[in-house]
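# Structural features, examined
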Amino acid sequence: MVKKIDSITVNYIDEGEGDVVLLLHGWGANITLYAGVIKILSQTHRVIALDMPGFGRTSEPPEPWCVDDYVDFVMKFIDSFELKRFSVVVHSFGGRVFFKMNARENLPYMIERAVLMDSAGILPKKSFKQKVSLRCYKIGRAVMSTKVLHFLYPDAVEDMRRKRGSADYNSATPTMRATLVKVVNEDLEPLMHLVQCPTLLIWGDKDTATPLSDARRMEELIPDAGLVICEGAGHFSFAEQAPKVHGALTAFFSS
């Protein structure tokens, strides 16, 4: 299905009947990756999931966005269905959108339950080695950006970015690269205590993108939270340990 939100054509699904569950995917992903989760939830609920701008079959934002821009967009998407209450299931970057949306004052709808799967939101602390590496990169970028050196070595700065950048960064378009830089540098830990609804945390203990320590911190900060650990799973625990995750989702939403 597609619909237009502002100037962006949005690809989305709307499956099942009953209470609504909104699914927000992770960075670099799209709704097809969550087919198993959607199938389980749609047996008892109405599931609405969208490819967020810049991912899947939804067009890119017109300019680099921050998390609040994604929140504004998702809220307009929700308003297009005239929803007044729903639950959320989020993964990775989708957690950032959820935390900021939940913190909005006078939110026009009730979020009844939340499932955070390997969610982002806690800013990782940089080691001394990482701080030195970042400082060296910034100095090197500044030097190679001078007129003379840029003329002599026009690709030097881009080569430096490519070597330092993550796979997500290097595979993204210029607009989405700038967006990634904006969203990953925001610490949302101060907003987590504002999540007042029953919350289920599902995490892979081998997750290196959002480590298990993030989940334990969220469990401390969110008043009504419980944690399910998927042993041996990484950042995509919902796919790597599908039977366990599906069972946890079914139990959580039927309780």
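Residues numbered from 1 in each chain as written. Predicted model: local features only at pLDDT ≥ 70, side-chain atom pairs only at ≥ 80, totals over all residues. Heavy atoms only, no water.

## A word on helix 2 (residues 67–79)
- Taking 1.5 Å of rise per residue, the 13 residues of helix 2 would be expected to cover 18 Å, and the 18 Å separating its terminal C-alpha atoms lies within 8% of that figure.
- Considered for burial, the residues of helix 2 that qualify are Val-67, Tyr-70, Val-71, Phe-73, Val-74, Met-75, Phe-77 and Ile-78. (Helix = DSSP H or I, 4+ residues; strand = E, 2+ residues; numbered from the N terminus. Expected span 1.5 Å × (residues − 1). Buried < 20%, exposed > 50% of the residue type's maximum accessible area, 1.4 Å probe, protein only.)

## Concerning the pattern of salt bridges
- Within the structure shown, the criterion is met by 10 salt bridges.
- The residue Glu-220 makes a salt bridge to Arg-217 at a minimum N-O spacing of 2.9 Å. With a gap of three residues between them, Glu-220 and Arg-217 both fall in helix 9 (residues 212–221), about one helical turn apart.
- Bridged by salt links that share partners, the residues Asp-68, Asp-72, Lys-100, Arg-104 and Glu-186 form one connected network. (Salt bridge = Lys/Arg side-chain N within 4 Å of Asp/Glu carboxyl O.)

## Description of helix 9
- Along helix 9, the residues classified as buried are Leu-212, Asp-214, Ala-215, Met-218 and Leu-221.
- In this structure, the buried residues of helix 9 make contact with helix 3 (93–102), strand 6 (110–117), strand 7 (199–204) and strand 8 (225–230). (Contact = heavy atoms within 4.5 Å.)

## Quick notes on the sheet that holds strand 5 (residues 85–91)
- Spatially, 1-2-4-3-5-6-7-8 is the arrangement adopted by the eight strands of the open sheet, whose pairing is mixed. Each of the sheet's edge strands pairs with one partner strand only, and the pair in question is strand 1 (2–5) and strand 8. Between one strand axis and the next, the sheet turns by 25° as a mean value, whatever way the strands run.
- The sheet contact formed by strand 3 (residues 20–24) and strand 4 (residues 46–50) spans four bridges and is parallel. Paired with Val-20 across the two strands is Arg-46, which belongs to strand 4.
- In this fold helix 3 packs onto strand 3, strand 5 and strand 6, with an angle of close to 145° to the strand it touches most, strand 5.
- Contacting strand 3, strand 5, strand 6, strand 7 and strand 8, helix 11 (residues 242–254) runs over the sheet at an angle of about 160° to strand 6. (Pairing = 2+ DSSP bridges. Axes fitted to C-alpha atoms, helices over the stretch in contact; angles between N-to-C directions.)

## Overview of unusual backbone geometry
- Even without being glycine, Asp-6 reaches a positive phi, approximately 55°.
- Along the chain, Asp-6 falls in the loop between strand 1 and strand 2 (8–15).
- Given the relative accessible area of 56%, Asp-6 is considered exposed.
- For Ser-92, which is not glycine, the phi torsion reads 50° and is therefore positive.

## Side note on the environment of Pro-62
- Position of Pro-62 among the secondary structure elements: in the loop between strand 4 and helix 2.
- Considered as a pair, Pro-62 and Ser-7 are 55 residues apart in the sequence and their alpha carbons are 8.5 Å apart.

## Some details on the side chain of Asp-207
- Considering the arrangement of structural elements, one finds Asp-207 in the loop between strand 7 and helix 9.
- It is Arg-96 that comes nearest to the buried, bridge-free Asp-207 among opposite-charge side chains, at 11 Å.
- From its side chain, Asp-207 meets the backbone nitrogen of Ala-209 in a polar contact 2.8 Å long.
- For Asp-207, the side chain forms a polar contact with the side chain of His-235, separated by 2.9 Å.
- With residues up to four places along the chain from it excluded, the contact list for Asp-207 reads Asp-118, Leu-212, Ala-233, Gly-234 and His-235. (Lys, Arg positive; Asp, Glu negative; His and termini not counted. Polar contact = N/O pair within 3.5 Å; in protein donor to acceptor, adjacent residues only side chain to side chain.)

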